Amino acid sequence: WMLVGYAAFVSGLGTVRLARQPAIAWVLLANALIVLLVLLAAREPMGRLGRALREIYPVVLLSALYPALDILNNFGGVTVHDRAVQHWEQTLFGSEPSRVWWQHAPSVFWSTVLHTAYLAYYPIIVAPILVFLVTGRELAARRAVRWILSTFLACYVVFLAFPVAGPYYEFPRPAAWFVANPAARLVYATLARGSAYGAAFPSSHVAAAVVATAAAFAGSRTLGWILLLPTALLTVGVVYCQMHYVVDAVAGLLLGGVVVGLWVRAERNDESREAPWRDSPAS
């Protein structure tokens with residue numbers, strides 16, 4: 001239902017923007033296919049492999065939904081709100097930390113560590129899903145998918161309604177020595193091939209990593225503790241490495257906390273409604 005709702009929202013927005021960007025027609029077609037996939041995946045019965053694919057396909061679809069943001073935002077042709085976010089940053093901190101932090105605290109070591117943490121975003125997201133599926137914990141895997149998917153879709157809606165380009169586009173690149181390490185080179189090579197314009201606020205890197213770590217804790221404290229350090233480093237690294245404004249990272253933290261809180265409350269309500277039926281004697 002989250003995917004269907006997001007497809008409906010994007011289709012409505014895409015129809016409005018279609019005249020300015022004809023390529024959006026392909027996004028509309030993809031949305032129709034996504035709805036069809038949702039309906040097919042809901043069918044019963046399915047074998048063990050089919051059930052596993054049904055659990056993870058919503059997250060796999062994110063690899064298509066994210067690039068579509070670039071098309072919907074007309075490849076940078078929409079009005080962005082970086083000036084507003086930069087104003088918030090100046091008001092809160094008296095400077096622009098994402099522009100000046102690495103200059104005031106230059107370190108090849110921290111550049112390497114925090115660019116590596118930025119890359120750790122991908123294994124952080126998939127770790128709880130894959131670990132729980134491999135170990136046969138289907139309900140924990142489903143919870144992780146549900147939490148992570150809702151986080152990304154919430155971020156994508158904001159990216160389309162309130163696009164912010166971010167420091168990666170707005171500021172000059174850091175000095176050559178700062179990005180000369182292998183981790184930084186890989187980050188920039190990845191962004192050159194797969195970044196979406198207008199997708200800075202809130203930081204989906206921070207929000208999704210926080211939610212994935214929370215989902216890991218919900219199913220396995222050990223896995224949660226393993227993911228906690230790279231998630232913390234990533235949260236700092238997106239600012240130090242000049243990928244996001246501090247406001248982006250803070251908004252990502254807040255969004256992640258809200259998503260987890262809402263899901264935990266909803267799941268507890270579901271359990272409380274089911275409890276009387278579980279506890280009642282068989283008729």
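A closer look at unusual backbone geometry
Okay, so step 1: Note that the residue after Phe201, namely Pro202, is joined by a cis bond; omega there is -10°.
Okay, so step 2: With respect to the secondary-structure elements, Pro202 resides in the loop between helix H10 (182-194) and helix H11 (204-219).
Okay, so step 3: For Asn74, which is not a glycine, the phi torsion comes out positive at approximately 55°.
Okay, so step 4: For Asn74, the position within the fold is in the loop between helix H3 (48-72) and helix H4 (82-93).
Okay, so step 5: Judged by relative accessible area, Asn74 falls into the partly exposed class, the value being 24%.

Focus on the confidence of the model for the protein chain
Okay, so step 1: Per-residue confidence for the protein chain averages 90 on the pLDDT scale, and 95% of its residues sit at or above 70.
Okay, so step 2: With pLDDT under 50 throughout, residues 277-283 is counted as low confidence; its partners more than four residues away or in other chains account for 1 contact.

Section: the packing of helix H1 (residues 2-17) against helix H8 (residues 138-161)
Okay, so step 1: Packing of H1 against H8 brings their axes to within 11 Å, and their N-to-C directions diverge by 15°. Judged on the interaxial angle alone, H8 and H1 are roughly parallel. When you trace H1 past H8, the crossing you get is left-handed. Note on element contacts: H8 touches H1 through Arg146, Leu149, Ser150, Leu153, Tyr156, Val157 and Leu160, opposite Met2, Leu3, Tyr6, Phe9, Val10, Leu13 and Arg17.

Some remarks on the packing of H1 against helix H2 (residues 24-41)
Okay, so step 1: Taken N-terminus to C-terminus, the directions of H1 and H2 make an angle of 160°; their axes are 9 Å apart at the nearest point. Considering the angle they form, H1 stands roughly antiparallel to H2. Of the two elements, H1 crosses H2, and the hand of that crossing is left-handed. Judged by residue contacts, Leu3, Val4, Ala7, Val10, Ser11, Gly14, Thr15 and Arg17 of H1 engage Ile24, Val27, Leu28, Asn31, Val35 and Val38 from H2.
Okay, so step 2: Looking at the contact of H1 with H2 residue by residue, the classes come out as 9 nonpolar, 4 polar and 1 charged.

Points about the side chain of Ser150
Okay, so step 1: You can see Ser150 is positioned in helix H8.
Okay, so step 2: Looking at Ser150, its side chain comes within polar contact range of the main-chain oxygen of Arg146, at 3.0 Å.
Okay, so step 3: What Ser150 contacts, discounting residues up to four positions off in sequence, is Met2, Val259 and Trp263.

Reading the values: rules and limits
- Residues numbered from 1 in each chain as written.
- Predicted model: local features only at pLDDT ≥ 70, side-chain atom pairs only at ≥ 80, totals over all residues.
- Heavy atoms only, no water.
- Helix = DSSP H or I, 4+ residues; strand = E, 2+ residues; numbered from the N terminus.
- Buried < 20%, exposed > 50% of the residue type's maximum accessible area, 1.4 Å probe, protein only.
- pLDDT = per-residue confidence, 0-100.
- Contact = heavy atoms within 4.5 Å.
- Axes fitted to C-alpha atoms, helices over the stretch in contact; angles between N-to-C directions.
- Parallel < 35°, antiparallel > 145°, perpendicular 65-115°, else oblique.
- Left-handed = near helix turned anticlockwise from the far one by under 90°.
- Nonpolar A, V, L, I, M, F, W, Y, C, P; charged D, E, K, R; others polar.
- Polar contact = N/O pair within 3.5 Å; in protein donor to acceptor, adjacent residues only side chain to side chain.

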